[in-house]
Every structure is written in C-alpha cells, then in structure tokens.
Amino acid sequence: MKFIIGIVIVVSAVFGGYWGAGGHLAVLWQPFEFVIILGAAIGALVIGNPPAVLKGLGRTFKIMLKGPKYKKDSYLELLGLQYTLFKLAKAKGSLALEAHVENPSESDVFNKFPAIASDPRALEFMCDYLRLVTLGTENAHEVEALMDEELETLNQEDEQMVAAIQALADGTPALGIVAAVLGVIHTMGAIDQPPEILGHLIGAALVGTFFGVFCAYGFFAPMAMALKNAFESENKFYLSMKAGILAHLQGYAPAVSVEFARKALMSDVRPTFAEVEESTQNNPQAA
C-alpha cells in the first residue's frame, strides 16, 4: 500500500503541478519516446543481468508492493521456535532434534510456527545448522564462519536485484537524452515545415528528456531503495537465527539463547522480553 501511495503522490505532484501551471497534458503523450526509453532500458536490463536475476525481478515487485516479508509477529514466531527447539535439545539431547530437522514438513514443532514452516529459504537455513548440531558439531566459531559465508552469498543474491533496479535509475536519464536527440534529428529533417509543426516536434523531443529523468528519480531510484530496505529487514531474520543457534552451541540456557536472538532484531519489529516470555509460556511444547 505504501508503494502505491508513493506512486500516486509522485504522479499527482508532477502532472498536477504541470497542469495547474497551465500546461497541456496532451503534449506529454509521446508514445514513441516512451518506447525508445523504456524499450532500451529493458534491453539493457536483459544484457546486464543473468537469467536468475531477471526471473527474480517478479518477486521484487511483490516485495515492493507488500513491504518487508517479515513483520513483528514473524519475529515473535521465530523466537518462539528457537526457544522450543533449544529447550527440546537441552531436555532430551541434540539427537531429539533430528526427526524435526530432517522432515520439517511433518514436524509438530515446525508446523506450530507457520511463518518459518511456510518459508523454504528460512526453513532450510534453520534446519541445515540444527542438523550440524545433531551431527555433533560443537565449535561455535566454525559454525559462525560457515553462517557468515552463507549469509554473504544470500546478501549478494539480493544485492543483484537491487543493483538491477538501480541500473535502471542510473540509465534512464541518459536514455531520455538519446530519445531527445533523436527527436531533434527528426525536427531538423522537417525544418521546412511551419512553426506549429516544428514546435510540436521540439516539444516531443523534450518530453524524452523529461520522461527519462522522471522515471529515474520518481520511480526506479525509490524502488531500488525500498527493495534494499526490505532485503536488509529480511537479513535481520537470518541474523537472529544465527545469534540464537550460536548461543545454544555455546551452552546457554534456551531463554538466554533466545535473548541473544532477540537483540539481533531492529527495534521497530523487536518483541519485548515480556512478549517473548508470554509467547513461550503459552506454547505447551516450549513450557
């Protein structure tokens, strides 16, 4: 919703201001200028990005429309899941986790936390490192190094999406100039025409420059920033898992390990200590 509201504000401010100052909106309708700019931008996007990034761009628009994937309730679920798993491991040994991490879709523990159970990427991350725990891994520093390597890879994959959108923001002003130059060339080819026709051709050429800059700074650059913020929010979800698992490996009690995980979250979505305590007490498996 915030994304749509922002678009409405940008469009209303620019075109409403132009119309209010006495401008003629019909003059701005230059479809072939738009084809040149947007078509070249899409072509450059295809040239400059691997197929995985192009395929993932559909997901990015969904993220921008809906906002960050994880809300405060999602983080509360994550902390509750970690507490439940860590308590189970403390009470029955690390091998008690094996059945849950090997078949999380059939696990009564994971299924009580749908925010993680329905997220393949997060579920895989959690289960992979808990599986190492069940296999006898005890060196928290080695696990941390492995986690950092994977998180860096995940961040690089996300950053490719941001870079693709940012490249559109960087390139469309220049493509607007290309369209404008082509418009001037067209105008010079019609130099023998009456002034009203020349005026229309010059106006059409200038629309190219306007449209390129408008798309770059009105849409693409803010979209890249919104996407970056959303990915940074998602990254905190994984950092919370990392903090909790490492604390568990170092032998802390479940409540303390979860507190390590809670402190890794941003303040605007971080549940309070009391909220986490209430959530775990209301979960019979964690109690």
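For the structure itself, consult the block above.
Note that the structure is a prediction, hence the values are computed from the model and not measured.

Participant: Now, about the packing of aromatic side chains: what can you tell me, with residues and values included?
Facilitator: A complete count under the given rule lists 13 aromatic pairs for this structure. Here F125 and Y238 contribute two aromatic rings whose centre-to-centre distance is 5.3 Å and whose plane-to-plane angle is 85°, an arrangement assigned as edge-to-face. One end of the pair, F125, is in helix α7 (residues 120–134); the other, Y238, is in helix α9 (residues 195–249), and 113 residues separate them in sequence. The class of F125 is buried, set by a relative accessible area of 1%. With a relative accessible area of 3%, Y238 lands in the buried category. Where F214 meets F219, the ring centres are 5.1 Å apart and the plane angle is 80°; that geometry is what we call edge-to-face. As far as the burial class goes, F214 and F219 line up, both buried. By the ring-pair criterion, three or more aromatic residues cluster together here, those being Y70, Y75, F125, Y129, F237 and Y238.

Participant: Which residues make up the side chain of N235, and what are the values?
Facilitator: Positionally, N235 belongs in helix α9. Non-local contacts of N235, meaning those with residues more than four positions away in its chain, are made with L151 and N155.

Participant: Break down the pattern of salt bridges for me, with residues and values.
Facilitator: This structure, assessed with the given rule, holds 8 salt bridges. Across the pair K69 and D119 runs a salt bridge, and its minimum N-O distance is 3.5 Å. Residue K69 is found in the loop between α3 (51–66) and α4 (72–92), and its partner D119 is found in the loop between α6 (114–117) and α7; the two are separated by 50 residues along the sequence. We classify K69 as partly exposed; its relative accessible area is 39%. We note a salt bridge from K242 to D148, for which the minimum N-O separation is 2.5 Å. One end of the pair, K242, is in helix α9; the other, D148, is in helix α8 (residues 140–188), with 94 residues separating them in the sequence. Where salt bridges share partners, they join E102, D128 and R131 into one cluster.

Participant: Break down the nonpolar core for me, with residues and values.
Facilitator: M126, F237 and Y238 are the most contacted members of the largest nonpolar core, which has 41 residues in total. For this core, the secondary-structure elements that each account for two or more residues are α4, α6, α7, α8, α9 and α10 (254–263). With 9 residues, α4 is the single largest residue contributor to this core. Look past the residues within four positions of F237 in its chain and what remains in contact with it is Y70, S74, Y75, L78, I116 and A122. Counting residues in each nonpolar core, the second largest holds 27 residues, with A164, I165, L168 and C215 among its members.

What counts and what doesn't
Residues numbered from 1 in each chain as written. Predicted model: local features only at pLDDT ≥ 70, side-chain atom pairs only at ≥ 80, totals over all residues. Heavy atoms only, no water. Phe/Tyr/Trp six-rings, centres within 6.5 Å; stacked < 30°, edge-to-face > 60°. Helix = DSSP H or I, 4+ residues; strand = E, 2+ residues; numbered from the N terminus. Buried < 20%, exposed > 50% of the residue type's maximum accessible area, 1.4 Å probe, protein only. Contact = heavy atoms within 4.5 Å. Salt bridge = Lys/Arg side-chain N within 4 Å of Asp/Glu carboxyl O. Core = buried A, V, L, I, M, F, W, Y, C linked by side-chain atoms within 4.5 Å.

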